[in-house]
Number of protein chains: 2
Amino acid sequence: MHFAGTLPLQSGAAIRAYDLAYETYGQLNADKSNAVLICHALNASHHVAGVYLDEAGRVKEKSEGWWDTMIGPGKPVDTNQFFVIGVNNLGSCFGSTGPMQLNPDTGEVYGADFPVVTVQDWVSAQARLLDALGIQTLAAVMGGSLGGMQALAWTLQYPDRVRHAVVVASAPNLTAENIAFNEVARRAIVTDPDFHGGHFYRHGVLPKRGLRIARMIGHITYLSDDVMNEKFGRQLRQAVELKPGAGERSAGPPQAGSAPSGGRALHEVTSVGAFKYSTQEVEFQIESYLRYQGDKFAEYFDANTYLLITRALDYFDPASAFGGDLSRALANASAKFLLVSFTTDWRFAPARSREIVKALLDNQRDVSYAEIDAPHGHDAFLLDDARYMGVVRSYFQSKVTP
Amino acid sequence: MHFAGTLPLQSGAAIRAYDLAYETYGQLNADKSNAVLICHALNASHHVAGVYLDEAGRVKEKSEGWWDTMIGPGKPVDTNQFFVIGVNNLGSCFGSTGPMQLNPDTGEVYGADFPVVTVQDWVSAQARLLDALGIQTLAAVMGGSLGGMQALAWTLQYPDRVRHAVVVASAPNLTAENIAFNEVARRAIVTDPDFHGGHFYRHGVLPKRGLRIARMIGHITYLSDDVMNEKFGRQLRQAVELKPGAGERSAGPPQAGSAPSGGRALHEVTSVGAFKYSTQEVEFQIESYLRYQGDKFAEYFDANTYLLITRALDYFDPASAFGGDLSRALANASAKFLLVSFTTDWRFAPARSREIVKALLDNQRDVSYAEIDAPHGHDAFLLDDARYMGVVRSYFQSKVTP
């Protein structure tokens, strides 16, 4: 969808014209009351559900949408009932206008000149998309992690346009530790000699070293210590080479988030205990896994987009305009809420979701909250956990009427 | 101390000749029974206690040993009673033979050719130092983090030479998550174009970009989420610039570990809430702090040493030769033990110390264990916490007779 009108941004800058990539699933009903907007997290896209077909009509490998376990016919967010919209955010590298595209003011690729965008800006752009689709009110807005922040922001910026907000594995702002991890990732990218101040496109290079490091750091924080020990432990790579493909993780544009592929039980592989005694070669399976994920990510993700999206995470803090008082900040929200967190998520810990729950209850809002006992850390929000899926299914069936 | 004899290494390689830098505090008694060996962690050295004087006899600024709160006259490890030895490990960059020095076989700087050393190798080298000092039996061996691993290894390699082992904030091996953080740090260093496969000395450059990233990652994992929120929270740098010097952290060779400087309360500085809206400039105080720590570390620490020491951490796993059974692995230890852990240490969590306690109790060993409720994360082992100091003081006074 092309938007010709200028979008003013929170920073004071503006985007003169822009495109938003989006996909829809299911049918919009006659009174346009069954729309569910899905907001994406760091490296995902508008491709939320379903699969892509190749020219011969066959399903493309690994082309499932990043929340395909959650959204589809008969699924927790049932596309037989709801009209689901996936939208790619401004500044992304998966179709919407972003740093890899031409700046209409200069005729050159934006690169580092792409303006800094915030969660609030994304919500403003998403609202314009809904305007263009003729949808006044959302049955629900829903997202995990950074996507959950957008869902929360929707209820504050457009309280009359949202009936339900489903906020999964999210937080009312980042902690210092979260900002710290983002900053290290950004420094790895920015100090890569191939970054060229963000104008690497002009030089025909990509700051892949930095992107690899950024992604490796990210992956560590998405998983729990427990699940890492179970999946990898102290397994040596040498042992695992006997079983090629073990430990692979599906990810890539635009079909996946950061969820590990289920099923293959690495702990079946026994360690042979023979070290290479090398500081640079791979010894442990966890090293191999992280390098593989870093390499893959560096092939498809844009470095400037990474900087922009992590910055949007850092900046999000609806309570800051209210002296840090989240209860006052959320007084404007009139939606009903479902919040979900996961016990082993240390990046967006359950305590952070409970802060939102408390602030909503302080305002006598209708809030459901589920804390799912899951071993997978932050990644759990992308996985097919029966209790998690059951909670979302129940909420939609019992509360979210089209 | 120069050692002319070849030291065979766990890898099968050997070091033909080497020096160990060491310092001693207090007096060795007549029957040489009051020696306490202190083993250091990642970026520390033999300069464990006391201060250095300049030519005019004045105390040099920030020259305190890295465990000066713990060791000295009248301190928990009382140098009026004990003869304390601090030793710098092989492969370090603070005086003992390491990658920055000449390889006698080639006449060139070792660089990446310095052999991989393990905790076991360090203990072997330390034992030779004790031989040279005429010390048969240690009253105690003591260390925190990686230093605690060395203390534990001493009780297994030389059970007859250790009466007490004090193992602080340590673990019987690294978890997958710990290895993962080490690996990201190593990749940042190794993929820095200035690393040149570890032979950067020949090129007259230093892989400072990689070292900065490595140190930033390290710092995040040494602190707890709580203490980061208390010290930095979401404070903006702009606010803090009004109070120059706030948030500085003393570190540097060889006088300090990674302990934050106490006292200055950053939470007194109120945020002004004005963002720059930039992905590359510093917005938050935590970013400024991490960049500063990274810059400082890159000035003094050797990249090859960083690789070697993190690898020694990865490899340490006394249970591996016993099918993962730590109780069987520790059956050979005959020392008495004090173990100390800190509640908010997520890098070497209390549960890891309790694994060691359990394995020792399975062998009917004499074990004391203290879990200190401290907010400072892994860094707590370097800090002057009254309960922590009290536990070590009591243990030495009541159990460790010279």
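Residues numbered from 1 in each chain as written. Chains lettered and ligands numbered in written order. Predicted model: local features only at pLDDT ≥ 70, side-chain atom pairs only at ≥ 80, totals over all residues. Heavy atoms only, no water.

Q: Let's hear about the overall build of chain A: which residues, and what values?
A: A tally of helices and strands in chain A yields twelve helices and 13 strands. Computed over the C-alpha atoms, the radius of gyration of chain A is 21 Å, within 12% of the 21 Å expected from 2.2 N^0.38 for a compact globule of 402 residues. For chain A, buried positions account for 61% of its 402 residues. Once local pairs closer than 6 in sequence are excluded, the contacts in chain A between residues at least 24 apart make up 73%. With an accessible surface of roughly 14100 Å², chain A has 49% of that area assigned to carbon and sulfur atoms. If you average the places of the 36 positive and of the 43 negative side-chain charges in chain A, the two averages end up 1 Å apart. (Helix = DSSP H or I, 4+ residues; strand = E, 2+ residues; numbered from the N terminus. Rg over C-alpha atoms; globule rule 2.2 N^0.38 Å. Buried < 20%, exposed > 50% of the residue type's maximum accessible area, 1.4 Å probe, protein only. Contact = heavy atoms within 4.5 Å. Areas by Shrake-Rupley, 256 points an atom, 1.4 Å probe, with all protein chains shown as cover. Lys, Arg positive; Asp, Glu negative; His and termini not counted. Charge placed at Lys NZ, Arg CZ, Asp CG, Glu CD.)

Q: Can you lay out the interface of chain A and chain B for me, pointing to particular residues and giving the numbers?
A: On the side of chain B, 57 residues touch chain A, which itself brings 57 residues to the contact. When chain A packs against chain B, close to 4800 Å² is buried across both sides, 64% of that on carbon and sulfur atoms. If you sort the residues of chain A by the area they bury against chain B, A:Arg234, A:Tyr277 and A:Thr279 come out on top, with a joint share of 16%. For the pair chain A and chain B, the number of links is eight salt bridges. There are 29 residue pairs in polar contact (both at pLDDT 80 or more) connecting chain A and chain B. At the level of secondary structure, the elements contributing two or more residues to the side of chain A that touches chain B comprise helix H3 (176–190), helix H5 (208–222), helix H6 (225–231), helix H8 (285–300) and helix H9 (303–315) of chain A. Per-element tally for the side of chain A that touches chain B: the top contributor is H3(A), with eleven residues. For the side of chain A that touches chain B, the residue count by class is 29 nonpolar, 13 polar and 15 charged. (Buried area = accessible area lost by both parts, 1.4 Å probe. Salt bridge = Lys/Arg side-chain N within 4 Å of Asp/Glu carboxyl O. Polar contact = N/O pair within 3.5 Å; in protein donor to acceptor, adjacent residues only side chain to side chain. Nonpolar A, V, L, I, M, F, W, Y, C, P; charged D, E, K, R; others polar.)

Q: Any details on the environment of A:Ala171? Residues and values, ideally.
A: Residues and elements named next belong to chain A. Here Ala 171 is to be found in the loop between strand E11 (164–168) and H3. Overall, the relative accessible area of 0% leaves Ala 171 in the buried class. Discounting chain neighbours no more than four positions away, the residues touching Ala 171 are Met 149, Phe 316, Phe 348, Arg 352 and Ile 356.

Q: Give me the pattern of salt bridges: which residues, what numbers.
A: Counting across every chain of the model gives 40 salt bridges over all chains. Of the charged contacts, one joins A:Glu183 and B:Arg291 as a salt bridge, the two residues approaching to 2.7 Å between their closest N and O atoms. Taken together, the residues span two chains, with A:Glu183 in helix H3 and B:Arg291 in helix H7 (residues 285–300). B:Arg291 shares its class with A:Glu183; the two are buried. Close ionic contact of A:Lys208 with A:Glu299 constitutes a salt bridge, the shortest N to O distance being 3.1 Å.

Q: Any chance you could break down the sheet that holds strand E5 (residues 22–25) of chain A for me, citing the residues and the numbers?
A: Residues and elements named next belong to chain A. On the basis of which strands lie adjacent, the open sheet formed by seven strands has the order E5-E9-E6-E10-E11-E12-E13 and mixed pairing. Single-partner strands in this sheet number two, and they are E5 and strand E13 (367–372). On average, each strand axis in the sheet is tilted by 15 degrees relative to the strand beside it, whichever way the strands run. Direction of pairing for strand E10 (residues 140–144) relative to E11: parallel, over a ladder of four bridges. The residue of E11 that forms the bridge with Gly 143 is Val 167. Each of E5, strand E6 (35–39) and strand E9 (83–87) touches helix H1 (residues 119–132); the most contacted strand, E9, lies at about 135 degrees to it. (Pairing = 2+ DSSP bridges. Axes fitted to C-alpha atoms, helices over the stretch in contact; angles between N-to-C directions.)

Q: Go over the environment of A:Arg209, please, and point to the residues and values.
A: Topologically, A:Arg209 is positioned in helix H5. Sequence-distant contacts of A:Arg209, that is, excluding residues within four places in its chain, are made with A:Asp192, A:Pro193, A:Asp194, B:Thr191 and B:Pro193.

Q: A description of the relation of the copies chain A and chain B should follow, citing residues and the corresponding values.
A: At an RMSD of 0.0 Å, chain A and chain B line up after a rotation of 180 degrees and a shift of 0.0 Å along the axis. Here the copies are linked by what is in effect a two-fold axis. Residue by residue, 100% of the interface of chain A is reproduced at the interface of chain B, so both copies engage with the same surface. (Least-squares fit on C-alpha atoms with pLDDT ≥ 70 in both.)

Q: Please provide a residue-by-residue account of the packing of aromatic side chains, values included.
A: The geometry of an aromatic ring pair comes down to the distance between the two centres and the angle between the two planes. Summed over all chains, the structure comprises 46 aromatic pairs over all chains. Consider the rings of B:Phe181 and B:Trp346, whose centres lie 5.9 Å apart with planes at 70 degrees: the pair is edge-to-face. Taken as a pair, B:Phe181 in helix H3 (residues 176–190) and B:Trp346 in the loop between strand E12 (336–342) and helix H10 (350–362) lie far apart in primary sequence, 165 residues in all. Take B:Trp346: its relative accessible area is 22%, and that puts it in the partly exposed class. Three or more aromatic residues joined by ring pairs make a cluster, and in this case those are A:Phe94, A:Phe297, A:Tyr300, A:Phe301 and A:Tyr306. Taking NZ or CZ as reference, A:Arg161 lies 5.8 Å from the ring centre of A:Tyr158, over its face. (Phe/Tyr/Trp six-rings, centres within 6.5 Å; stacked < 30°, edge-to-face > 60°. Lys NZ or Arg CZ within 6 Å of the ring centre and 35° of its normal.)

Q: So what about the confidence of the model for chain A? Which residues, and what values?
A: Residue and element names in this part refer to chain A. Here chain A averages 92 in pLDDT, and 91% of its residues register 70 or above. Ignoring residues within four places in sequence, the model shows residues 240–272, a span with pLDDT below 50, making 88 contacts including any to other chains. The complex model carries a pTM of 0.92, and its ipTM stands at 0.91. (pLDDT = per-residue confidence, 0-100.)

Q: Describe the pairing of E9(A), naming the residues involved and giving the relevant values.
A: Residue and element names in this part refer to chain A. Within E9, five of the five residues are buried, which leaves it mostly tucked inside the rest of the structure. Side chains of E9 alternate between two faces, with Phe 83, Ile 85 and Val 87 and Val 84 and Gly 86 buried alike. Note: E5 against E9, four bridges, orientation antiparallel. Counted as the bridge partner of Glu 23 is Gly 86 from E9.

Q: An account of helix H1 (residues 119–133) of chain B is requested, with residue identities and associated values reported.
A: Residues spaced three or four apart along an α-helix face the same direction, because each turn holds 3.6 residues. Residues and elements named next belong to chain B. Here H1 spans 21 Å end to end across 15 residues, near enough to the 21 Å set by a 1.5 Å rise per residue. Buried residues dominate H1, accounting for eleven of its 15 residues. Among the residues making up H1, those that are buried are Val 119, Asp 121, Trp 122, Val 123, Ser 124, Ala 125, Gln 126, Ala 127, Leu 129, Leu 130 and Leu 133. Note on H1: the residue one or two positions beyond its end, Gly 134, has a positive phi of about 75 degrees. (Expected span 1.5 Å × (residues − 1).)

Q: I'd like a description of the layout of surface pockets, backed by residues and values.
A: Residues and elements named next belong to chain A. When its volume is computed, the largest pocket comes out at roughly 820 Å³. Every residue lining the largest pocket is counted, 34 residues in all, and those nearest its centre are Asp 317, Pro 318, Ala 319, Ser 320 and Ala 321. Those elements that provide at least two residues to the lining of the largest pocket are H1, helix H2 (146–157), H9, helix H10 (326–329) and helix H11 (350–362). The element contributing the most residues to the lining of the largest pocket is H2, with three residues. (1 Å grid on protein atoms, 1.4 Å probe; cavity = no way out; pocket = protein on both sides within 12 Å on 5 of 7 lines; lining within 4 Å. Points joined across faces, edges and corners; volume = space filled by probe spheres on them.)

Q: Can you explain the environment of B:Ile189? Please cite residues and give values.
A: Residue and element names in this part refer to chain B. Secondary-structure assignment places Ile 189 in helix H3. On a C-alpha basis, the gap between Ile 189 and Gly 210 in space is 3.9 Å, while along the polypeptide they are 21 residues apart. Not counting residues within four places of it along the chain, the set of residues in contact with Ile 189 comprises Phe 195, Pro 207, Gly 210, Leu 211, Ala 214, Ala 303, Tyr 306 and Leu 307.

Q: Summarise the nonpolar core; cite the residues concerned and give the values.
A: Formed by 264 residues in total, the largest nonpolar core has its most connected members in A:Trp67, A:Tyr388, B:Trp67 and B:Tyr388. Apart from the residues lying within four places of it in its own chain, the contact partners of B:Tyr388 are B:Trp67, B:Met70, B:Val168, B:Val340, B:Phe342, B:Ile372, B:Ala380, B:Phe381 and B:Leu383. (Core = buried A, V, L, I, M, F, W, Y, C linked by side-chain atoms within 4.5 Å.)

Q: Explain the side chain of B:Thr175 to me, and be specific about the residues and the numbers.
A: Its location among the elements puts B:Thr175 in the loop between strand E11 (164–168) and H3. Those residues within four positions of B:Thr175 in sequence are excluded, and the remaining contacts are A:Asp225, A:Asn229 and B:Arg352.

Q: Now, about the state of the cysteines: what can you tell me, with residues and values included?
A: Enumeration over the complete set of coordinates arrives at zero disulfides over all chains. Note on A:Cys93: no disulfide assigned, nearest cysteine sulfur contributed by A:Cys39 at a separation of 18 Å. (Disulfide = S-S within 2.5 Å.)

Q: Any details on the packing of H3(A) against H9(A)? Residues and values, ideally.
A: All names here are of chain A. At a minimum axis distance of 10 Å, the contact between H3 and H9 shows a crossing angle of 160 degrees. What the angle tells us is that H3 and H9 run roughly antiparallel. Between H3 and H9 the crossing geometry is left-handed. Along its contact with H3, which presents Ile 179, Asn 182, Ala 185, Arg 186, Ile 189 and Val 190, the element H9 presents Ala 303, Tyr 306, Leu 307, Thr 310, Arg 311, Leu 313 and Asp 314. Of the residues belonging to the contact of H3 with H9, the class tally is eight nonpolar, two polar and three charged. (Parallel < 35°, antiparallel > 145°, perpendicular 65-115°, else oblique. Left-handed = near helix turned anticlockwise from the far one by under 90°.)

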